[in-house]
Amino acid sequence: MQKATFAISGMSCVNCAARIEKTLSDTAGISKAAVNFAMEELLVEFDENLISGEQIRESITKLGYAARPKAAAGELRFGVQGLHCASCVNNLEKKLHAAPGVHAAVVNLAQESAFVRFDPSAIDAAGIYDVVTAAGYQPVPEGQAREDESRSYRSQRNWFIFSLALSLPIMLTMGMHHNRNVLWMNLLLATVVQFSAGLTFYRGSFFALKSRSANMDVLVALGTSAAYFYSLFAFFGAFGEQGGDVFFETSAMLIAFIRFGKYLEARTRGKAGEALKKLLRLQADKARLITEEGEKEVPASLVRVGDLVLVRAGETIPADGEIVEGSSTVDESMVTGESVPAEKGPGDAVTGATINRSALLKVRVTRVGEETLLAQIVRMVQEAQADKAPIQRFADRISGVFVPVVVALSLVTFLIWFLALHEPFLFAFKLAIAVVVIACPCAMGLATPTAIMVGSGVGLSRGILIKRGSVLEHISRLRLILLDKTGTLTEGRPTLTDVIPAPGVDERQLLTYLASAEAHSSHPLAQAALQGARERGSLPDPVSDYREKGGFGVSCSYQGTELLAGNARLLEEAGVPASPIAEEAARLAGEGKSLIYLAAGGKLVGIAALADRLKPSSAAAVAEMRQLGIRTFMITGDQQAVAASIASSAGVDGFEAEVLPERKQQVVREYQEKGEAVGMVGDGINDAPALARADIGIAIGGGTDVAKETGDLILVKDDLMDVVRAVKLGRATLGKIKQNLFWALFYNILGIPVAAGILYYPFGITLKPEFAGLAMAFSSVSVVANSLLLKRVGKKL
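Residues numbered from 1 in each chain as written. Predicted model: local features only at pLDDT ≥ 70, side-chain atom pairs only at ≥ 80, totals over all residues. Heavy atoms only, no water.

1. With respect to the pairing of strand β3 (residues 41-46)
- As defined by bridge partners, strand β1 (residues 2-9) adjoins β3 across six bridges and the pair is classed as antiparallel. Residue pairing in the sheet places Phe6 in a bridge with Leu42 of β3. (Pairing = 2+ DSSP bridges. Helix = DSSP H or I, 4+ residues; strand = E, 2+ residues; numbered from the N terminus.)

2. Description of the packing of helix α7 (residues 199-210) against helix α8 (residues 216-235)
- Running from N to C, α7 and α8 cross one another at 125°; their axes reach a closest spacing of 8 Å. Overall, the two elements α7 and α8 adopt an arrangement that is oblique. For the element pair α7 and α8, the recorded crossing hand is left-handed. Across from Thr200, Phe201, Tyr202, Gly204, Ser205, Ala208 and Leu209 in α7, the residues of α8 making contact are Met216, Asp217, Val218, Val220, Ala221, Ser225 and Phe229. (Axes fitted to C-alpha atoms, helices over the stretch in contact; angles between N-to-C directions. Parallel < 35°, antiparallel > 145°, perpendicular 65-115°, else oblique. Left-handed = near helix turned anticlockwise from the far one by under 90°. Contact = heavy atoms within 4.5 Å.)

3. What to know about the nonpolar core
- In this structure, Phe78, Leu92, Leu96, Leu489, Leu713 and Leu720 are the most contacted members of the largest nonpolar core, which totals 106 residues.
- The element best represented in this core is helix α26 (residues 721-755), accounting for 14 residues.
- Excluding anything up to four places from it in sequence, Leu489 contacts Leu483, Asp484, Leu614, Lys615, Ser618, Val622, Met634, Ala650, Val652 and Leu720.
- By size, the runner-up hydrophobic cluster in this structure holds 28 residues, among which are Leu189, Val193, Ala197 and Val246. (Core = buried A, V, L, I, M, F, W, Y, C linked by side-chain atoms within 4.5 Å. Buried < 20%, exposed > 50% of the residue type's maximum accessible area, 1.4 Å probe, protein only.)

4. Section: the pattern of salt bridges
- The final tally for this structure, using the stated rule, is 28 salt bridges.
- Note that Arg367 and Asp320 form a salt bridge whose closest N and O atoms lie 3.1 Å from each other. You can see Arg367 sitting in strand β17 (residues 361-367) and its partner Asp320 sitting in strand β12 (residues 320-325), a full 47 residues away along the chain.
- Its relative accessible area of 19% is what places Arg367 among the buried residues.
- Glu573 is paired through a salt bridge with Lys549; the nearest N and O atoms lie 2.6 Å apart. Here Glu573 is found in helix α20 (residues 568-573), whereas its partner Lys549 is found in strand β21 (residues 544-549), with 24 residues between them in sequence. (Salt bridge = Lys/Arg side-chain N within 4 Å of Asp/Glu carboxyl O.)

5. Overview of α7
- In this model α7 runs 17 Å from its N-terminal to its C-terminal C-alpha over twelve residues, within 8% of the 16 Å that 1.5 Å per residue would give.
- Among the residues trailing α7, Arg212 stands out with phi positive, at a value near 60°. (Expected span 1.5 Å × (residues − 1).)

6. Thoughts on the packing of aromatic side chains
- Applying the stated rule across the entire model yields 28 aromatic pairs.
- Aromatic side chains Phe414 and Phe425 sit 5.5 Å apart centroid to centroid with 80° between the ring planes, which places their arrangement in the edge-to-face category. You can see Phe414 sitting in helix α13 (residues 392-420) and its partner Phe425 sitting in helix α14 (residues 425-438), a full eleven residues away along the chain.
- On the accessibility criterion, Phe425 (32% relative accessible area) is partly exposed.
- Members of the aromatic cluster, each reached through a chain of ring pairs, are Phe195, Tyr202, Tyr228, Phe229 and Phe248.
- Looking at Arg180, its charged tip hangs above the ring of Phe235, at a distance of 3.9 Å from the centre.
- Above the plane of the ring of Phe552 lies Lys549, whose end atom (NZ or CZ) is 4.4 Å from the centre. (Phe/Tyr/Trp six-rings, centres within 6.5 Å; stacked < 30°, edge-to-face > 60°. Lys NZ or Arg CZ within 6 Å of the ring centre and 35° of its normal.)

7. As for the sheet that holds strand β5 (residues 74-81)
- Within the open sheet, the four strands sit side by side as β6-β7-β5-β8. Their pairing is antiparallel. Only two strands of the sheet have a single partner each, and these edge strands are β6 (102-108) and β8 (138-141). Neighbour-to-neighbour, the strand axes of this sheet turn through a mean angle of 30°, independent of strand direction.
- The pairing of β5 with strand β7 (residues 113-118) spans six bridges and is antiparallel. For Glu75, the partnering residue across the bridge sits in β7 and is Arg117.
- The strands touched by helix α3 (residues 86-98) within the sheet are β5, β6 and β7, with β6 carrying the most contacts at an inclination of about 165°.
- The strands touched by helix α4 (residues 125-134) within the sheet are β5, β7 and β8, with β5 carrying the most contacts at an inclination of about 30°.

Pasting the structure below:
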């Protein structure tokens, strides 16, 4: 079988994807066809002796879609220095998309990072870095980017302190402009500020204009330059006696205030990505390797699969592995969000970066490097935070035309005040500068990514792993969730639920018979019965002459008495009547439970009922989903009676029983065709096709290998309440994004007219350019701070 991937264009909805899948699946020689509508991608498995890749492409073309084979894509993630606003993001994304061999490029302003998917045969990492550099930004390799982040934060702080220190003397001497020496000092200080702390805005403007785009740097450079150079010409008498007002404080304080805003923005943005940084800090630096020569301390990076490592109490486990010696409690809160340490013993799996709390452990390493759970989670969270939610397209469209519109408004402001209203030149000029510097495309650029960063971080701390940032937006709109039964609503294994002794028989005696008869059987029901008896305090006694009869049960000799344990047919064959408890047996069978009949010495002892029990949180989770306005439907391969019993106990709105695995995907499609946004919750393995088909696939009980899970959302724990938490988190995140976009727009809609002097005639109020710059800086900070409030939501989940 040959595998091939095609890029598909021309699809307008999921029905188009379904049409392609159906046509190809019905084509001779094709064993599998799966279309990813979101990524516009087709994965097909085919027999090259019966059909060729070109014939597959022609089949797709006949359906009205364009298809082209995709080369194996390379992926590159790196930091980007020099991003200042949403316009910078748009500019860099355009440049990257225009580069040959680049399939996709996403630039994240909040993270100051970029993710590029490319064809390695057409372009390499060095070529991508060259594109970034030519656009006026500095690419930073991923590992180095994390180190540079704290350096950047310190740099912003130092530049702010430097520019403020030089600007304050200019502010304090504003009333002393009659003194020529004071003006000389102001000129010197303003010049230093303008071409040191303000140089970054000139550099950004140069590259932006060179790329035929405009960003925040252009606005700041325009505003500060206008104030500085007007004052410079006025200082040297270029405007004669009438127009010679000098206001060096405007340009200097403007730069200082914007630097202050950038410092606060860097600080709050750092907090937005705190969850991921916290995770990265958990990695062990050292490992105690057990060798033939004895114990040896080595860097954790040198540990290899198969190595034996020693982990003392209080130390971090250096890599994923399996305990070979020792028992202890392990703090797995970084994986599961569960604060109570888990009991671990020989044979149990442990995860790298978790903490051994109480005793010495010897661990055999099973996974290292990029294969460890921590690396998988980090990669997944990074991808989620780099992803663009659909709602951000709105902000991108606005930021694309924002700067030219603001410059035009600034010019109009000047012309109205100076020519139409005949106000002094300097008055009109300062208002025009204020309009330029108060406008802020940064807030809109930060509105979505900061909320997604915080939201995905909150999810991470609760064991809710989000594969794409857009999932947080999509899950908030779900109104229908399909639930698999086994392992999702139920525990996924049979447990002893009822014990019904025959008249005159003691329950403890019945449990002892049950444990003794089933102790030697490997059948899942027998093992569950034995476990249930032990939990109720009954241990198995020795038996002899043990015989197992397929399809019936077991027989053995118990203290000289023949003991039977099996189905009703076993007792019927032995001539033991079950009529004394027939009514109870019928009731339990009607609830879909499996029954084990027991007889001793030719007399009925009683029955034990077993069932796949509902998880403790399932009913509560379903009830909460209903409160959130979400309907729930259960789909299962079990028989009707079992499904009806579980559905009734869970409280779901409906169910479908005796569903084959391939039918589950069809059920999802049927609901989608009715116009429903469908979520599917399953175990991520048997339900993989249905999870992939759903609008939001939720894999529950991801455990320790999240990379293998199909689905958009992975719940590490086996707790259905995490689905409720994920929906609440998605709705809270979308709410924050909308709030951020509203305030970013509201700020500009309100701020620009105020800066333009709309309040001057009624109230005599105008806004100084330097304070307009401060307002601009605080608008970005307020958006990031608002996103950080999502952490409060996390505490309530």
